[in-house]
Amino acid sequence: MKQTAILMMFFASFFGFSQNDATLTKHYEAFYKQMKEQGDVRGVINALTHLNVISPNQARIDTLAFFYSNSGQHVQAINLLGTEKDTKASNLAVEVKARSLKAVNQPQLAVQQFDIMFSRKPDIYIAYDLVDLNLQIGKIVEAQTYIKYGLENAKDEDMLPFYEANPPYQVPLKAAFKYQEGLLKYNEDKTNIDAAISTIDEAIVMAPNFTLAKNIRQLLLNQKQEGTAEKINPATTPKAEGE
């Protein structure tokens with residue numbers, strides 16, 4: 001009799017918890033929907049966090065990481081998803097890891113995620129990121145491969161925004177790749193500054209408003225006159241939306 005009573009209490013407790021979880025899930029799903037409609041990112045993050053505690057699943061974790069990253073909370077996004085190269089991860093998870101790792105200045109880790117993105121769907125803008133990251137970590141051959149891809153596939157109407165100047169501006173993507181080619185030549189042979197300047201000049205002809213290219217050209221000229229060679233890391237990639 002005593003065992004029967006204990007079992008009844010156990011099942012009552014189990015179904016009580018199940019019903020409570022179901023009620024909470026329904027509440028936070030409605031809360032999540034309402035916060036999205038209101039554009040309240042903090043509320044969305046709060047709702048998804050509760051839902052993941054109640055009933056965790058990878059899709060929700062990926063979505064939560066996306067909202068963290070999109071609101072500039074890149075460390076929180078990385079803490080959720082990790083930094084490992086996972087070829088089975090969702091497209092959303094890979095992109096969030098790539099953008100967040102780049103934002104927190106981890107090019108060695110970020111390039112692995114961008115490689116996955118490019119392998120799944122080759123894209124000229126991803127190629128531009130890959131050039132930038134590979135140049136930062138000294139992978140000249142890889143950078144050269146993506147520059148070649150970008151110059152061959154970018155169309156005249158494809159534009160790229162830059163935010164290092166006020167106001168921001170945009171240039172043809174082909175000009176941006178040509179500028180990166182100039183940086184690559186400099187990194188290949190710092191004693192042949194003329195080759196780098198000549199290539200950057202081509203980019204400026206294509207985009208006369210290319211402030212960053214003009215600034216780096218002047219820096220190279222100064223180095224040539226002074227007879228010095230320094231590593232140039234001019235933050236060649238503009239911020240993505242939400243960063």
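Before going further, it helps to spend a moment on the packing of aromatic side chains. Tallied over the entire structure, the rule returns seven aromatic pairs. Geometrically, the ring pair formed by Phe-66 and Phe-67 is edge-to-face, given 5.3 Å between the ring centres and 75° between the ring planes. For Phe-66, a relative accessible area of 31% translates into the label partly exposed. A relative accessible area of 16% means that Phe-67 is categorised as buried. Note on Phe-118 and Tyr-149: the rings are 5.1 Å apart at their centroids and 85° apart in plane angle, and the pair reads as edge-to-face.

As a further point, take the side chain of Ser-69. Mapped onto the elements, Ser-69 comes out in helix α3 (residues 58–70). The buried category is assigned to Ser-69, whose relative accessible area is 8%.

Of the two faces of strand β1 (residues 159–162), the one holding Leu-160 and Phe-162 is buried and the one holding Met-159 and Pro-161 is not buried anywhere. As paired strands, β1 and strand β2 (residues 169–172) are joined by four bridges and run antiparallel to one another. From the neighbouring strand, Pro-161 faces β2, where its bridge partner is Gln-170.

Within this structure, the stated rule accounts for nine salt bridges. Here Asp-129 ties to Lys-102 by a salt bridge, and the two come within 3.0 Å at their closest N and O atoms. In this pair, Asp-129 is assigned in helix α7 (residues 124–136) and Lys-102 in helix α5 (residues 91–103), connecting sequence segments 27 residues apart. An identical accessibility class is assigned to Asp-129 and Lys-102; each is buried.

Basis of the calculations
- Residues numbered from 1 in each chain as written.
- Predicted model: local features only at pLDDT ≥ 70, side-chain atom pairs only at ≥ 80, totals over all residues.
- Heavy atoms only, no water.
- Phe/Tyr/Trp six-rings, centres within 6.5 Å; stacked < 30°, edge-to-face > 60°.
- Buried < 20%, exposed > 50% of the residue type's maximum accessible area, 1.4 Å probe, protein only.
- Helix = DSSP H or I, 4+ residues; strand = E, 2+ residues; numbered from the N terminus.
- Pairing = 2+ DSSP bridges.
- Salt bridge = Lys/Arg side-chain N within 4 Å of Asp/Glu carboxyl O.

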